[in-house]
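# Structural overview
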Amino acid sequence: MYKIFNIFYFILSHPLNKKNKIKALLRFIKWQLYVFFTNSKCIYNWVDNTKFILQKKEHGMSGNLYCGLMEYSDMSFVLHVLRETDEFYDIGANVGSYTILASGANKCKTICFEPIPSTFVKLKNNINLNNINYLVDARNVGLGDKNKKIQFTNNLGTQNRVNIDSKNNISYVDTITLDNNFTPSCSSIVKIDVEGYENNILQGGRNFFLNPNVISLIVELNGSGRLYNIEDEDIHKLILSFGFFPINYEPSTRKLKLLNSYNKNGNTIYVKNIDQIQQRCLKSKSFCIHTLDKLII
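On to helix H9 (residues 232-241). Considered for burial, the residues of H9 that qualify are Asp232, Ile235, His236, Leu238 and Ile239. Projection of H9 onto a plane perpendicular to its axis shows the buried side chains occupying an angular sector of 160°, all on one side. Contacts from the buried residues of H9 go to helix H7 (198-203), helix H8 (206-210), strand E10 (214-220), strand E11 (245-250) and strand E13 (267-271). Phi for Gly243, located one or two positions after H9, is positive at around 100°.

Within the structure shown, the criterion is met by 15 aromatic pairs. Here the aromatic rings of Phe88 and Tyr98 are separated by 6.5 Å at their centres, their planes lie at 20°, and the arrangement is stacked. Placement of the pair is Phe88 in strand E3 (residues 87-91) and Tyr98 in helix H5 (residues 97-105), with a sequence separation of 10 residues. This pair shows no difference in class: Phe88 is buried, exactly as Tyr98 is. When the ring of Phe208 is compared with that of Phe209, the centres are 5.0 Å apart and the planes differ by 80°; the resulting orientation is edge-to-face. Residue classification places Phe208 among the buried residues on the basis of a relative accessible area of 1%. Through a chain of ring-to-ring contacts, three or more aromatic side chains come together here, namely Tyr89, Phe113, Phe182, Phe208, Phe209 and Phe242.

Strand order across the open sheet formed by 8 strands is E5-E4-E3-E9-E10-E13-E11-E12, with mixed pairing between neighbours. Of all strands in the sheet, those bounded by a partner on one side alone are strand E5 (136-139) and strand E12 (255-258). Adjacent strand axes in the sheet meet at a mean angle of 25°, parallel and antiparallel pairs treated alike. Where strand E9 (residues 188-192) meets E10, 5 bridges bridge the pair, whose relative direction is parallel. Within the sheet, the bridge partner assigned to Ile192 lies in E10 and is Val219. Together, E3, strand E4 (109-113), E5, E9 and E13 form the strand contacts of H5, whose direction differs from that of E4 by roughly 165°.

Rules and cut-offs
Residues numbered from 1 in each chain as written. Predicted model: local features only at pLDDT ≥ 70, side-chain atom pairs only at ≥ 80, totals over all residues. Heavy atoms only, no water. Buried < 20%, exposed > 50% of the residue type's maximum accessible area, 1.4 Å probe, protein only. Helix = DSSP H or I, 4+ residues; strand = E, 2+ residues; numbered from the N terminus. Arc of directions from axis to C-beta. Contact = heavy atoms within 4.5 Å. Phe/Tyr/Trp six-rings, centres within 6.5 Å; stacked < 30°, edge-to-face > 60°. Pairing = 2+ DSSP bridges. Axes fitted to C-alpha atoms, helices over the stretch in contact; angles between N-to-C directions.

Have a look at this one:
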């Protein structure tokens, strides 16, 4: 019951549902009934000409059905800041929400990483559905601070992570470092969603993140790093040392505002040159969200 209450609260309080709360709840109820009686997948039109596949227990992707953009500020930022000539690094891509936005809606190149084999299949299915194979370099590997094979959980859905518990179902996955494999030569935006393993990726990408072409980073700092004996504050300080500053993004006005620290209740967007990024967002085209009756953002 508590879980259902949290879902309802999230849907009803989401900024894109403020004028159509009843419709949002009906989308949730309709989808729950659909999977209960059919247990099959469905394809939905999403942003502009993109689509996504939704099936049971895909909690991250289902939020895009209920709310248009599950992570409103961060997803809007990706849509507004990216250009066709940019590169987007989707680290911890899951089934591909951000990859679809970057390469499907914005037509830029994406390099995405998803270590869990079963999830990687779903990611590839969404890439194929949107006919963006030519733009997406999808890799079934993890990222870290060393090239090695490590254990990942494979039974925790969107919270799959580098394993620390012998009771979990696991997959052995090859991990690589950003520094050993990538040197961005054009403007690049990075999204990291790795359930606490952020520090290892940052440590393995020091030169990568210092590269002036890496202009923005989106990362969640929610205490998960403690699983690997690292505090959010230490990760934040490391990010600052690369020349980034934390900002808040307001999609309705497309305005950026410097923050004093990282966001403790979700993702934090970091940028190196706030004026440059501000102009990008202000000059971006608009996008149509079909899961919200063609809402324009």
